[in-house]
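# Results of the structural survey
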Amino acid sequence: MTDKNTATRNSVWASLGLFVVFLAGWEWGPGLLDIPPYIIPTASSVYFEFIRAVGSEQLFYHSWITFAETAIGFILGTILGMVIGYILGISARAEFILSPYILALQIAPKVAFAPLFVLWFGYTIYPKILVAVLIVFFPIMVNVLGAIRTVDQDLINLARTFSASRWQIFRMIEFRDALPPLFSGLRIASTLAVIGVVVGEMVGGNLGLGFLLVFGEGAGNTALVFVTIIMLTVVGILAYGSVVLLEKKVLHYIPKKDYAPV
Amino acid sequence: MANGKDIRIEYRNVAKQFTSNNGVDGAESIIRAVENVDLSIADGEVVSIIGPSGCGKSTLLNMGAGLYLPSSGEVFVDQEKVDAPNQHVGFMLQKDLLLAWRTIQKNVEFGLEIQGIPPNERQERSMDLLEKCRLTGFENHYPHQLSGGMRQRAALARTLAVDPKVLLLDEPFSALDAQTKMILQQDLAETLSTEKKTALFITHDLVESVALSDRVFVMSARPGTIIEEIDVNLPDRANPMARRQDSQKQIGEYVAQLMRLLHVGETAAEIEI
Ligand SMILES: Nc1ncnc2c1ncn2[C@@H]1O[C@H](COP(=O)(O)OP(=O)(O)OP(=O)(O)O)[C@@H](O)[C@H]1O
Ligand SMILES: [Mg+2]
């Protein structure tokens, strides 16, 4: 027990140490290697750019927009993916009819739809949300569909011997049994949602971190691009972290060793 | 043996065929799983079925539970023709089929919940059964926290919770170690006798079939049909431990007879050649 604790503590220190080394390398490495600041700005200049962007570029406001679009797109995409996944899982006929279209859509790179959506909805938040919905939809639907298909037939027969209705079988067995694969889909989807939103923002409009990226690039402000990438990572971590927290709450009954590594 | 109004389960000239696709070429073939099965079980009887693997024992049980319909012939439970799953029968398999997301108590209440029994009554019954199945103190545990034997006891409690008249048991103990198995056999035999349940019990364990039942049916290889019916004329059906101890010699004779009927020795000899 104590052995394990010391081992964990040592790992934490090693991790922190590595971070310090990384920061130092970032600060002084470019200078030593003669890399100009418009290629790799130093750690401190990125920090000062961050302070400036918070004040005069509305950095937090843009981050908030990106986060909100991600969250809305993620939630809508998840609901849509679950509903379609469950319907296709339950009805072999519906799957047979729809699967060629779904397969085609799944192969098409979803971010390529961004310009189209901007044409349709203009420089609003809707095209960004729509790209996120589209990109989130597939991993959710595929995981739910697969889970419904592989529910242990004996479990369903057990419920049937108690004279369960179709709806009870869905609610008490199929829905619950599909939750662990649904959550692996949610983990993937949470990071994909950020990608969808950012591409949407890069294509059109003057809001969000995607816009800041393009703006920083146009102004030759490499430090701003770095700051934006870091903020995007933070948004991604928030999205992914919320999924992991929710998963811990909902799937609390699963023994710890079965958790996929974070 | 079984006659008149007291018959709980009856198979009348039952046959079941499956069509199966032969993999790649998609050619369909017909599997004759069981044929010409006639059997009836009286109220309160415990009857075992033994037979070679794949001879259709589970198929018979599934038809009794109404999960499949026979291809021909009829199955009756409580004089009623079985044409869908119904509440007269309880079903228990080798797999405990406990739901991982429910506590043991909620698992025991699973059938009651499906049948719309109100929560306070559900709780009363599940607590009572958990005590009978010696699981008191584990009601709030999740299935993965229990041993195999305890899980199977919880599955038995879940089966008994809906108070079925007839229990259909498909190798319920075959995944357990020898000691746990004997303890659960004892629990089951006592419960069946005090609750006056009727049971149809599938097993591959010849001693188990003799120790637990009033009668043993022997099935042939596929297409499975009943080739022999043996009355077990031994005391203590409700106490298999006592039966094993006091009637060791007779149990041995019954088992030898079953082995002859199943050609157990011969198959072994064939394999050696
Ligand atoms: N749903 C099904 N579809 C096609 N074939 C089936 C189906 N269920 C059973 N069978 C076939 O019917 C035959 C009897 O199967 P069954 O499961 O009843 O055997 P069993 O006597 O219970 O065997 P075991 O002792 O190994 O459990 C087998 O050949 C099996 O392949
Ligand atoms: Mg079987």
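Quick look at the structure, then. (Residues numbered from 1 in each chain as written. Chains lettered and ligands numbered in written order. Predicted model: local features only at pLDDT ≥ 70, side-chain atom pairs only at ≥ 80, totals over all residues. Heavy atoms only, no water.)

## Considerations on the side chain of Glu10 of chain B
Residue and element names in this part refer to chain B.
- Mapping Glu10 onto the fold places it in strand 1 (residues 7-21).
- Here Arg12 takes part through its side chain, which lies 3.3 Å from a polar atom of the side chain of Glu10.
- If we ignore the near neighbours within four places in the chain, the residues touching Glu10 are Leu39, Ser40, Glu74, Val75 and Phe76. (Helix = DSSP H or I, 4+ residues; strand = E, 2+ residues; numbered from the N terminus. Polar contact = N/O pair within 3.5 Å; in protein donor to acceptor, adjacent residues only side chain to side chain. Contact = heavy atoms within 4.5 Å.)

## Quick word on the site of ligand 1
Residues and elements named next belong to chain B.
- Close to ligand 1 lie 13 residues, the nearest being Ser53, Lys57, Ser58, Thr59 and Arg222.
- One of the backbone nitrogen or oxygen atoms of Gly56 is found 2.9 Å away from an oxygen atom of ligand 1.
- A distance of 2.5 Å separates an oxygen atom of ligand 1 from a polar side-chain atom of Arg222.
- Tallying contributions element by element places helix 1 (residues 57-64) first for the shell around ligand 1, with 3 residues.
- Its residues assigned to classes, the shell around ligand 1 comprises 4 nonpolar, 6 polar and 3 charged. (Near = heavy atom within 4 Å. Nonpolar A, V, L, I, M, F, W, Y, C, P; charged D, E, K, R; others polar.)

## Side note on the packing of aromatic side chains
Residues and elements named next belong to chain A.
- The full count for this structure, using the stated rule, is 19 aromatic pairs over all chains.
- Ring plane angle 35 degrees and centroid distance 6.4 Å describe the contact between Trp64 and Phe67, whose orientation is recorded as tilted. You can see Trp64 and its partner Phe67 sitting in helix 3 (residues 59-90), 3 residues apart, about one turn around the helix.
- Exposure remark for Trp64: the relative accessible area of 52% places this residue in the exposed category.
- Residue Phe67 is classed as partly exposed on the basis of its relative accessible area of 26%.
- An aromatic cluster of at least three residues, connected via ring pairs, comprises Tyr86, Trp167, Phe170 and Phe175.
- Seen from the ring of Phe138, Lys110 lies directly overhead, with NZ or CZ sitting 4.6 Å from the centre. (Phe/Tyr/Trp six-rings, centres within 6.5 Å; stacked < 30°, edge-to-face > 60°. Buried < 20%, exposed > 50% of the residue type's maximum accessible area, 1.4 Å probe, protein only. Lys NZ or Arg CZ within 6 Å of the ring centre and 35° of its normal.)

## Points about the interface of chain A and chain B
- With 19 residues of chain A at the interface, the matching set in chain B holds 24 residues.
- A buried area of about 2100 Å², summed over both sides, lies between chain A and chain B, and 69% of it is on carbon and sulfur atoms.
- Across the chain A-chain B interface, the total number found is 2 salt bridges.
- Our enumeration of links across chain A and chain B arrives at 5 residue pairs in polar contact (both at pLDDT 80 or more).
- Residue assignment for the side of chain A that touches chain B shows that the elements contributing at least two residues are helix 7 (153-161) and helix 8 (166-177) of chain A. (Buried area = accessible area lost by both parts, 1.4 Å probe. Salt bridge = Lys/Arg side-chain N within 4 Å of Asp/Glu carboxyl O.)

## What to know about the pattern of salt bridges
- Enumeration according to the criterion identifies 27 salt bridges over all chains in this entry.
- Close ionic contact of Glu57 of chain A with Arg52 of chain A constitutes a salt bridge, the shortest N to O distance being 3.1 Å.
- For Glu57 of chain A, a relative accessible area of 16% puts it in the buried group.
- Using a relative accessible area of 34% as the deciding quantity, one classes Arg52 of chain A as partly exposed.
- Salt bridges here are not isolated pairs; linked through shared partners, they connect Arg8, Asp43, Asp78 and Lys165 of chain B.

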